[in-house]
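# Understanding the architecture of this molecule
Below are the chains, spelled out letter by letter.
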Amino acid sequence: MKQQTVKIKSIRHITHDVLQIVTEKPGHFNFTPGQATEISINQEGWKDEKRPFTFTSLPESNYLEFTIKTYPSRNSVTNKLIELAENDELLLHEAFGAISYKNEGIFIAGGAGITPFICIFRYLSSIHKLGNNKLIFANKTKADIILEKEFKDLLGVNFINILANDIVKGYAHGHITEDFLGKHITDTSKQVYLCGPPPMMEAIEKQLASLNIDKKLIVKEAF
């Protein structure tokens, strides 16, 4: 697919460092829940600075939505995105990605690693097939939790949060451990979906192996 130019329809912060950007959707632009595209900014000096961002709108929507963690301290694409406004333009490329929904199971996300799962859970909700899927979401603080209310509404008790820095009633504290996973993975024959920073994913894959979860059941993607 050739490069597509789209205008921003809306842009806003949904947490202190996460942007939600809604753009036009080109005709015949297709993707599956969990996929991403490379995006650059249609401004001088930024057109070749491509970064991968996940679609968080549903494939059938007449717009595209991206949920993007920004890093204000860096001179980066995400930092430049903060400066953009309605009608500014982005450049889109082909859809790609290793994360796709196969069967019911447990989703494990660290920070911005939640983004492929946003579209998947929204899609499952739209077709009334959320089932008994669970989401374990690891963050540093409560303020870092992306779309907390939406996930609570979608998943109820199957939305499990763990916070590394904050101690908050009703939220697990610390890092994901083998014991923690063992409490929440009650069926080791189910699918496991994993997305987060590479060091976190590496540690969790070892924990999953210790819990005798077959590698073939793990669907993963680093960010």
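The preceding data block contains the structure.
The structure contained in this document is the topic of the report that follows. Sequence positions are assigned chain by chain, starting from 1 and proceeding in written order. For a predicted model such as this one, the threshold for reporting local features is a pLDDT of at least 70, and the threshold for listing and counting side-chain atom pairs is 80 or more; totals across whole chains, interfaces and linings nevertheless cover every residue. Water and hydrogen atoms were dropped before computing side-chain values, which therefore reflect all heavy atoms in the structure.

### Topic: the packing of helix α2 (residues 115-126) against helix α3 (residues 148-155)
For any two helices packed against each other, the geometry is given by the interaxial angle and the distance between the axes. Our working rule: Each axis is a line fitted through C-alpha atoms, taken for helices only over the stretch in contact, and angles between the N-to-C directions span 0 to 180 degrees. Only DSSP runs of H or I covering at least 4 residues are called helices, and only runs of E covering at least 2 are called strands; the numbering of each starts at the N terminus. Here the word oblique covers every angle except those under 35 degrees (roughly parallel), over 145 (roughly antiparallel) and from 65 to 115 (roughly perpendicular). By definition, turning the near helix anticlockwise from the far helix through less than a right angle yields a left-handed crossing, and turning it clockwise yields a right-handed one. Any pair of residues with heavy atoms lying within 4.5 Å of one another is described as a contacting pair. In this count, Pro and Cys sit with the nonpolar residues alongside Ala, Val, Leu, Ile, Met, Phe, Trp and Tyr, while Asp, Glu, Lys and Arg are called charged and the others, Gly among them, polar.
Two elements in contact, α2 and α3, have axes whose closest approach is 11 Å; the angle formed by their N-to-C orientations is 40°. By the criterion of interaxial angle, the relationship of α2 to α3 is oblique. With respect to the hand of their crossing, α2 and α3 are arranged in left-handed fashion. Where α2 approaches α3, its residues Ile118, Phe121, Arg122 and Ser125 are matched on the opposing element by Glu150, Phe151, Leu154 and Leu155. Residue composition of the contact of α2 with α3, by class: five nonpolar, one polar and two charged.

### What to know about the state of the cysteines
To keep things clear, this is the line we draw: In this description, a disulfide is simply a cysteine sulfur pair whose atoms lie within 2.5 Å. Buried means the residue's accessible area, taken with a 1.4 Å probe over protein chains only, is under 20% of the maximum for its type, while exposed means over 50%, and partly exposed covers the values in between.
Counted by the stated rule, this structure contains zero disulfides. Between Cys119, a cysteine without a disulfide, and Cys195, which holds the nearest cysteine sulfur, the sulfur-to-sulfur distance is 13 Å. Cys195 sits in the buried class, given a relative accessible area of 2%.

### Topic: α3
Formally: To be clear, the arc concerns the directions from the helix axis to the C-beta atoms.
All of the buried residues in α3 are Glu148, Phe151 and Leu155. Taken end-on, α3 shows its buried residues confined to a sector of 70°, consistent with a single buried face. Seen from the open side of α3, the exposed residues pointing more than 90 degrees away from its buried face are Lys149 and Asp153. Buried residues along α3 sit against α2, β8 (134-139) and β9 (159-163). Of the residues one or two after α3, Gly156 is the one with positive phi, at around 55°.

### Describing the sheet that holds strand β2 (residues 18-24)
This is how the line gets drawn: If DSSP finds at least two bridges between two strands, the strands pair.
The six strands are arranged β4-β3-β6-β1-β2-β5 in an open sheet whose pairing can be described as antiparallel. This sheet does not close on itself; its edge strands, each paired only once, are β4 (51-54) and β5 (63-69). With strand direction ignored, the average angle separating the axes of adjacent strands in the sheet is 40°. Bridge count for strand β3 (residues 36-41) against β4 is four bridges, and the pairing is antiparallel. Looking at β4, one finds that Ile39 is bridged to Arg51.

On their own, these measurements won't tell you what the molecule is for.
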